[in-house]
Amino acid sequence: VSAKIIKQIMIGKMAVDSPEGAVYMLIPFIDAQIGIMEKNKSEYTDETVGHYRTLKGHIQVLLSMKGIIDVPIHTVDTAFVQELDEHLLTWVNPKLGRAMNRNSANKNHSKFKALLFIAQRKKLIDANPYENFKLKRIIPHSDYLIDQEISKIAGHRFDNLSLEITRDYLLFSLWAGGLRMSDLKELKTHNIFEEDGYYFLHIAGQEKTENSVHTPLLPCAVAIYKKYKKYQDETGFVLPRLTQQKLNEYLKTVGDLAGVHKKMTHKIARHSCGTTI
């Protein structure tokens, strides 16, 4: 409440319930938007909502390092965004033992930028500070697996079930047309069908592009598909559920144990399908 706001209401230029000029705190605003995303299943997946929660966690760590719990959203400026950028690139994740790279930091920035655009549309802030903040872009180097490396991974015996499932995620994607992780973890048995002794994969709309995909499964992919029949009968999903974060974390161990010395993320399966396969 301010004298200016009271005057605007008294002379009829502002509604009593108008958010204009009000002080909204940053963390409750982010919580409110996450709540809306959780309900909006058509536009936001659980994984995407999880990324926004992760962003909130980074912001809270930054605030705690400044000795505060929260800030009014209208005070978030270019200097705050710069502090967030430096925090993302220098804060060491205790689980991974390292800080994130530029591209990962940029993904957090893109989500914070989207939240601030919502705040701007709701007239909680006058301008989005990202309009004056230029993100550094780094073109990632996309590696791929050669035949010998695929054979090493496929032939290695993993005593840990999580590592075995991770390996099967990688190889199934590799032998199923380079399926994206977002589509693979949601794949259900009705997406795979048999016709004249051959197996095919059909997805009506991929998550990222919304384009349909119809492709034959190579025999090795069919073998992995049949391997999890008991799990499929119980849940309807083709493969046991894994988050992309856990998958990429386990893939590094899979590569080390199999003797493959490359940057192992699920995306390598997609590039390997487009090259080696």
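Residues numbered from 1 in each chain as written. Predicted model: local features only at pLDDT ≥ 70, side-chain atom pairs only at ≥ 80, totals over all residues. Heavy atoms only, no water.

This part takes up unusual backbone geometry. Despite not being glycine, Lys123 has its phi angle at roughly 65°, a positive value. Mapping Lys123 onto the fold places it in the loop between α5 (102–121) and α6 (147–155). By relative accessible area, Lys123 is classed as exposed at 55%. Residues other than glycine seldom take positive phi values, yet Asp196 does so here, at roughly 55°. Within the fold, Asp196 resides in the loop between β1 (192–195) and β2 (198–203). You can call Asp196 exposed: its relative accessible area is 72%. (Helix = DSSP H or I, 4+ residues; strand = E, 2+ residues; numbered from the N terminus. Buried < 20%, exposed > 50% of the residue type's maximum accessible area, 1.4 Å probe, protein only.)

What follows is about the side chain of His58. With respect to the helices and strands, the residue His58 is situated in helix α3 (residues 46–65). Apart from residues no more than four positions distant in its own chain, His58 is found in contact with His87, Leu88, Trp91, Met100 and Asn108. (Contact = heavy atoms within 4.5 Å.)

For the rest of this paragraph, the subject is a nonpolar patch on the surface. A cluster of nonpolar side chains, namely Val1, Ile6, Met10 and Ile11, defines an oily patch on the protein surface of about 500 Å² accessible area. Looking at where Ile6 falls in the secondary structure, it is placed in helix α1 (residues 3–10). A relative accessible area of 44% means that Ile6 is categorised as partly exposed. (Patch = residues over 30% accessible without salt bridge, like charges linked within 9 Å, V, L, I, M, F, W, Y side chains within 5 Å. Areas by Shrake-Rupley, 256 points an atom, 1.4 Å probe, with all protein chains shown as cover. Salt bridge = Lys/Arg side-chain N within 4 Å of Asp/Glu carboxyl O.)

Relative to the elements of secondary structure, Thr215 occurs in strand β3 (residues 213–216). In this structure, Thr215 is in contact with Ala176, Phe200 and Leu201, ignoring residues within four places of it in sequence.

As enumerated under the stated definition, the model contains five aromatic pairs in all. An angle of 85° between the planes, with centres 6.1 Å apart, marks the rings of Phe112 and Tyr130 as edge-to-face. Taken as a pair, Phe112 in helix α5 and Tyr130 in the loop between α5 and α6 lie far apart in primary sequence, 18 residues in all. Residue Phe112 shares its accessibility class with Tyr130, and that shared class is buried. Measuring from ring centre to ring centre gives 6.0 Å for Tyr130 and Phe133, while their planes differ by 90°; the resulting arrangement is edge-to-face. By relative accessible area, Tyr130 is classed as buried at 5%. (Phe/Tyr/Trp six-rings, centres within 6.5 Å; stacked < 30°, edge-to-face > 60°.)

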